[in-house]
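Summary of structural features
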Amino acid sequence: MSSQTVEYVVLFKAKDNADPSKINAWLDALNGLISLDQVLHLSAGPALRTRSSSSSLGFTHILHCRYGSERDLAAYLVHPSHVSVVKDHGQYLIDDIMAVDWLATAAHDLHPPPGSAIRVTFLKLKEDLGDDVKSEILAGIRGIKDRFGRITQFTFGENFSPGRAKGFSLAWLAVFPGRSDLESMDSNENLVYLKEQQKVKDFVSELVVDYVVPLPL
């Protein structure tokens with residue numbers, strides 16, 4: 001297996017009047033795409049919470065996938081089964097969509113276990129930032145896993161497909177054993193570290209989405 005994988009995260013905003021039964025059928029169809037040869041990991045479900053400085057980014061659902069290469073991701077996107085799920089389900093239910101992908105060091109376990117909690121953070125850099133500021137931001141991201149011991153998997157990188165990324169260019173993804181472990185990241189004992197990163201936050205806009213990998217039916 002390659003030492004790198006492609007992380008692919010898609011955020012969806014369901015229409016306010018969408019039929020819940022159709023939403024569930026759409027999620028079932030998305031999760032069924034795990035059977036495609038190009039897919040190493042795939043999980044889709046409702047977002048636990050979404051936080052953003054922009055009220056327009058109220059995403060309700062998330063799809064997280066992993067692929068062995070950019071070529072595999074490209075093949076997945078045009079695969080008839082994927083196209084069918086988009087046309088037969090998603091396009092009638094979704095008001096907004098955002099997608100970000102990045103190259104990452106391959107995780108030891110490609111499949112976050114059911115019940116795991118995932119936090120995905122997207123960063124939009126402010127205009128005219130120098131390379132030194134970008135390097136500082138990446139260094140801050142790189143140190144997150146060492147600071148938060150409950151993280152079992154951690155990847156980060158630069159988006160390589162800007163077309164549907166809404167200007168977000170950096171992302172990091174952290175996997176925790178469960179929801180309580182994720183929420184400990186925001187506890188008072190960790191606020192000191194987060195305040196240390198405030199200088200970095202002055203240079204970016206941030207979107208944070210939390211998600212719990214669904215348990216088997």
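Residues numbered from 1 in each chain as written. Predicted model: local features only at pLDDT ≥ 70, side-chain atom pairs only at ≥ 80, totals over all residues. Heavy atoms only, no water.

As recorded in an unreviewed UniProt entry, the chain goes by the name Stress-response A/B barrel domain-containing protein, listed as coming from Carya illinoinensis.

**Description of the sheet that holds strand β7 (residues 170–176)**
Applied cut-off: Strands were regarded as paired on the criterion that DSSP finds at least two bridges between them. Every helix listed is a DSSP run of H or I at least four residues long, and every strand listed is a run of E at least two residues long, numbered separately from the N terminus. Comment: axis = line fitted to C-alpha atoms, over the contacting stretch for helices; angle = value between 0 and 180 degrees taken between N-to-C directions. Whether two residues touch is decided by their heavy atoms; if any such pair falls within 4.5 Å, the residues are in contact.
The antiparallel open sheet is built from 8 strands, whose spatial order is β4-β1-β3-β2-β8-β5-β7-β6. Of all the strands in the sheet, the pair left with one neighbour each is β4 (94–105) and β6 (153–158). Looking at each pair of strands side by side, their axes are set apart by 25° on average, direction ignored. Relative to β7, β6 runs antiparallel, the two sharing 6 bridges. Within β7, the position partnered with Phe-156 by the bridge is Trp-172. Packed on one face of the sheet, helix α4 (residues 131–142) meets β5 (117–125), β6, β7 and β8 (204–212) and runs near 165° to β6.

**Observations regarding unusual backbone geometry**
For the record, the criterion: Only protein chains enter the area calculation, which uses a 1.4 Å probe; residues under 20% of their type maximum are buried, those over 50% are exposed, and those in between are partly exposed.
The phi angle at Lys-166 is positive, at roughly 55°, despite the residue not being glycine. Here Lys-166 shows up in the loop between β6 and β7. Take Lys-166: its relative accessible area is 33%, and that puts it in the partly exposed class.

**Some details on the side chain of Asn-159**
Structurally, Asn-159 can be placed in the loop between β6 and β7. Judged by its relative accessible area of 16%, Asn-159 is buried. Discounting residues that sit within four places of it in the chain, Asn-159 has contacts with Val-100, Asp-101, Trp-102, Ala-165, Phe-168 and Ser-169.

**A few points about the environment of Thr-60**
Heads up, the rule is: Side-chain atoms alone can form a polar contact between residues adjacent in sequence; in general such a contact is a pair of N or O atoms within 3.5 Å, and within protein one must be able to donate a hydrogen while the other accepts it.
Its location among the elements puts Thr-60 in the loop between β2 (39–52) and β3 (61–67). Contacts of Thr-60, omitting those with residues within four sequence positions, involve Phe-12, Lys-13, Ala-14, Pro-46 and Ala-47. A distance of 2.7 Å separates a polar atom in the side chain of Thr-60 from a polar atom in the side chain of His-61.

**Concerning the nonpolar core**
Condition: Residues grouped as a nonpolar core are buried Ala, Val, Leu, Ile, Met, Phe, Trp, Tyr and Cys residues, joined through side-chain atoms within 4.5 Å.
If you look at the biggest cluster of nonpolar residues, it comprises 25 residues, and the most contacted ones within it are Tyr-8, Trp-26, Leu-30, Leu-63, Tyr-67 and Tyr-76. Where this core is concerned, the elements lending two or more residues are β1 (4–14), α1 (20–31), β2, β3, α2 (70–78), α3 (80–93) and β4. Sequence-distant contacts of Leu-63, defined by excluding residues within four places in its chain, comprise Tyr-8, Val-9, Val-10, Phe-12, Leu-30, Leu-42, Ser-43, Ala-44 and Tyr-76. Met-98, Val-100, Val-209 and Tyr-211 belong to the second largest nonpolar core, which has 21 residues in total.

**With respect to the side chain of His-64**
Note on placement: His-64 falls in strand β3. A distance of 2.7 Å separates polar atoms of two side chains, one belonging to His-64 and the other to Glu-7. Contacts of His-64, omitting those with residues within four sequence positions, involve Glu-7, Tyr-8, Val-9, His-41, Leu-42, Ser-43, Pro-112, Ile-118 and Leu-173.

**Details of α1**
Condition: One less than the number of residues in a helix, times 1.5 Å, gives the span that helix is expected to have. Comment: arc refers to directions from the helix axis out to C-beta atoms.
Compared with an ideal rise of 1.5 Å per residue, which puts 12 residues at 16 Å, α1 spans 16 Å between its outermost C-alpha atoms and is within 8% of the ideal. Within α1, burial applies to Ile-23, Trp-26, Leu-27, Ala-29 and Leu-30. Taken down its axis, α1 places every buried residue within 160° of arc, on the same side. Looking at the buried side of α1, the elements it contacts are β1, β2, β3, α3 and β4.

**Brief notes about the packing of α2 against α3**
Heads up, the rule is: Small angles under 35 degrees read as roughly parallel and large ones over 145 as roughly antiparallel, with 65 to 115 read as roughly perpendicular and the rest as oblique.
Interaxial distance between α2 and α3 falls to 5 Å at its minimum, and their mutual angle equals 50°. The pairing of α2 with α3 is recorded here as oblique in orientation. Contacts between α2 and α3 involve Tyr-76, Leu-77 and Val-78 from the former and Pro-80, His-82 and Val-83 from the latter.

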